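# Per-entry structural report
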Amino acid sequence: MKSIVKFAITLGLIAAITGFALAIVYKITKPIIAAQDAKALEQGLSEIFPGDYEFLKLDKPITAQDPSVQITECYLVKDKASGKPVGMVSRVTVPGSQAPIEMLVGVKSDGSVSGVKILKLNETAGLGANADNPKYYVDKKNKITFLGQFIDKNVIKDKLIPKQDVIAMTGATITSSAVSKGVKVAGEAMVAYLKEAGQ
Amino acid sequence: MNKLKIIWNAIIPNNPVLIISIGLCSVIAVSNSVQSALLMTFAFAMVQIPSNIIVSAMRKIIPHEIRVPIFVSVIAAFTTIAALLSQAYFNSVYQIIKLYILLVVVNCIIIGRAEAFAYQNGVFDSFLDGIGNTIGYGIVLVAIAIIRELIGKGTLAGIQIMPESYQPMLLMILPPAGFIMIGILVGALETYLKRKEGKK
């Protein structure tokens, strides 16, 4: 009985020390990480819609038809000079082969993809992790990356299915399908929203 | 024990991957590219060395019966701290190594060394053992990665080495090739050690 109490106290003490150390490191790093996330988002938005645009965050994100594709944030893209909406960008989460993949998907009002940027990816190293590798080309001849191939595809007219109209990454069919599905489903939802809003 | 011998033992005669045969999952998972192998080694060092030091420093107050949950707490804490610090202060590097840092928590070499060495030896010796094991693990990882990446992708650290006409052998970047390569290296090292023993 005495030893059980001793073990419980020792284990509790070690857990408290490690927990305290983690809490301190978390508190110090949290604002820095949050600022970096905000910067990455801002950079992602301007990469997807390069030029003189403003991004207006919608109060409530739109809903995708497929429940496996979650849209967590939406931004209406307006031309600064004319004030006219030109498209939309959404933060989208899809289930990957290892963990959820978080990305930004941008579409223009006509349904063409303006860009796709991955924010969080934990896929298999050397295979699915190549999704956002700027040196991994699915089309070596024309130096087109996996995400690059989506630009100018139309989310309404094109099927966006790997091995049909999308080039899959070698050995990473699940990741290729997940990203393609995210672009297609979120893209369709954004185009429907823009149409409904008369934009 | 001779200080240099501690490091040498962890690299060749007691290599964690090839002789003790632990930590194989991570070797197979990340040895399909040289860059991944180097980053995994870096992440491994960030947890292995401080974990060894802390376990060694606390060895006299850790009861034998509950040593394993304590080792796990220490290792998991260091893995999380390493992940948070690299995300905050070396974000560009973290974006590449995040996958490897998280994999370290389940690397049995770290808990194996805490149990077999750090729990029995002094702080400085445990520090040296951490360095030796990092080198031993890293050498195997990089050696396998060089062969797998070269044959499986035609590149080395992302740089095209093989001619454009070369058809990469996909099997090499898939897990079975990792097992095959480990088998070949185990055979080579065992042969070397037996020959060395024979000469004595």
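Residues numbered from 1 in each chain as written. Chains lettered and ligands numbered in written order. Predicted model: local features only at pLDDT ≥ 70, side-chain atom pairs only at ≥ 80, totals over all residues. Heavy atoms only, no water.

The name recorded for chain B in an unreviewed UniProt entry is Electron transport complex protein RnfE, from Caldisericum exile. As stated in UniProt under Subcellular location (unreviewed entry), the record for chain B gives "Endomembrane system". (UniProt positions renumbered as here; feature names shortened; annotations may be inferred.)

Per an unreviewed UniProt entry, the recorded name for chain A is Ion-translocating oxidoreductase complex subunit G, and the organism is Caldisericum exile. Here is the UniProt Sequence similarities (unreviewed entry) comment for chain A, exactly as written: "Belongs to the RnfG family." Looking at the Function (unreviewed entry) heading of the UniProt record, one finds this comment for chain A: "Part of a membrane-bound complex that couples electron transfer with translocation of ions across the membrane."

### Looking at the UniProt feature "modified residue: FMN phosphoryl threonine" (unreviewed entry) in chain A
Residue and element names in this part refer to chain A. UniProt feature "modified residue: FMN phosphoryl threonine" (unreviewed entry): in the numbering of this structure it lies at Thr173. Its location among the elements puts Thr173 in helix α2 (residues 173-196). The class of Thr173 is partly exposed, set by a relative accessible area of 40%. (Helix = DSSP H or I, 4+ residues; strand = E, 2+ residues; numbered from the N terminus. Buried < 20%, exposed > 50% of the residue type's maximum accessible area, 1.4 Å probe, protein only.)

### Brief notes about the side chain of Lys184 of chain A
All names here are of chain A. Here Lys184 is to be found in helix α2. Exposure remark for Lys184: the relative accessible area of 15% places this residue in the buried category. Setting aside residues no more than four positions away along its own chain, Lys184 makes contact with Val155, Ile156, Asp158, Lys159 and Leu160. (Contact = heavy atoms within 4.5 Å.)

### Some remarks on the interface of chain B and chain A
The interface of chain B with chain A comprises 30 residues on the first partner and 25 residues on the second. For the pair chain B and chain A, the number of links is 0 salt bridges. Joining chain B to chain A, the criterion identifies 1 residue pair in polar contact (both at pLDDT 80 or more). Every element with two or more residues in the side of chain B that touches chain A is listed here: α2 (24-30), α4 (67-89) and α5 (91-104) of chain B. Among the elements that line the side of chain B that touches chain A, the one with the most residues is α4 of chain B, at 12 residues. Split by residue class, the side of chain B that touches chain A holds 20 nonpolar, 7 polar and 3 charged. (Salt bridge = Lys/Arg side-chain N within 4 Å of Asp/Glu carboxyl O. Polar contact = N/O pair within 3.5 Å; in protein donor to acceptor, adjacent residues only side chain to side chain. Nonpolar A, V, L, I, M, F, W, Y, C, P; charged D, E, K, R; others polar.)

### Thoughts on α5 of chain B
Taking 1.5 Å per residue as the helical rise, α5 of chain B with its 14 residues ought to reach 20 Å, and the 18 Å between its terminal C-alpha atoms agrees with that figure. The largest bend along α5 of chain B reaches roughly 65° and is located at Ile97 of chain B. Tyr94, Ile97, Lys98, Leu99, Tyr100, Ile101 and Val104 of chain B are the residues of α5 of chain B that are buried. Here the buried face of α5 of chain B lies against β5 (113-120) of chain A together with α2, α3 (34-57), α4 and α6 (108-118) of chain B. (Expected span 1.5 Å × (residues − 1). Bend = angle between axes of the 7 residues up to and from the residue.)

### Concerning the pattern of salt bridges
Residues and elements named next belong to chain A. For the coordinates displayed, the defined rule picks out 10 salt bridges over all chains. For Lys184, the salt bridge identified is with Glu188, shortest N-O distance 3.3 Å. Of this pair, Lys184 and Glu188 both sit in helix α2, separated by 4 residues, roughly a single helical turn. We classify Glu188 as partly exposed; its relative accessible area is 31%.

### Describing the confidence of the model for chain B
Residue and element names in this part refer to chain B. Summarising the model, chain B shows a mean pLDDT of 89, and 99% of its residues fall at 70 or more. Looking over chain B, one finds the lowest element-wise mean pLDDT in α5, namely 77, and the highest in helix α7 (residues 123-153), namely 94. Under the prediction, the complex receives an ipTM of 0.74, its pTM being 0.75. (pLDDT = per-residue confidence, 0-100.)

### A closer look at the packing of helix α1 (residues 2-48) of chain A against α4 of chain B
Packing of α1 of chain A against α4 of chain B brings their axes to within 9 Å, and their N-to-C directions diverge by 10°. The pairing of α1 of chain A with α4 of chain B is recorded here as roughly parallel in orientation. (Axes fitted to C-alpha atoms, helices over the stretch in contact; angles between N-to-C directions. Parallel < 35°, antiparallel > 145°, perpendicular 65-115°, else oblique.)

### Describing the UniProt feature "domain: FMN-binding" (unreviewed entry) in chain A
Within this numbering scheme, the UniProt entry marks residues 96-190 of chain A as carrying the feature "domain: FMN-binding" (unreviewed entry). Taken end to end, residues 96-190 of chain A is 19% helix and 23% strand, and its two terminal C-alpha atoms sit 22 Å from one another.

### Examining the sheet that holds strand β4 (residues 100-108) of chain A
Residue and element names in this part refer to chain A. Strand order in this open sheet of 5 strands is β1-β2-β3-β4-β5, and the pairing throughout is antiparallel. Either end of the sheet is taken by a strand with one partner, and the two such strands are β1 (53-57) and β5. Each adjacent strand pair in this sheet contributes to an overall mean axis angle of 25°, direction not counted. Two elements, β1 and strand β2 (residues 70-79), share 5 bridges in a ladder whose sense is antiparallel. Within β2, the residue paired with Glu54 across the bridge is Lys78. Contacts between α1 and the sheet are confined to β1, β2, β3 (85-95), β4 and β5, with β5 contributing the most and set at about 160° to the helix. (Pairing = 2+ DSSP bridges.)

### Focus on the packing of α3 of chain B against α6 of chain B
Residues and elements named next belong to chain B. Relative to each other, α3 and α6 sit at 30°, their axes nearing to 10 Å. The orientation of α3 relative to α6 falls into the category roughly parallel. Of the two elements, α3 crosses α6, and the hand of that crossing is right-handed. For the pair formed by α3 and α6, the contact residues are Phe44, Val47, Gln48, Ser51, Asn52, Val55 and Ser56 on the first element and Ile109, Ile110, Arg113, Ala114 and Ala118 on the second. (Left-handed = near helix turned anticlockwise from the far one by under 90°.)

### Focus: the packing of aromatic side chains
All names here are of chain B. A full pass over the atoms with the stated rule returns 5 aromatic pairs over all chains. Between Phe44 and Tyr137 the ring centres are 4.3 Å apart and the planes differ by 20°, which places this aromatic pair in the stacked class. Note that Phe44 is positioned in helix α3 and Tyr137 in helix α7, a separation of 93 residues in sequence. Taking the relative accessible area as the measure of exposure, Phe44 reaches 0% and is therefore buried. Look at Tyr137 and you get buried, because its relative accessible area is 0%. (Phe/Tyr/Trp six-rings, centres within 6.5 Å; stacked < 30°, edge-to-face > 60°.)

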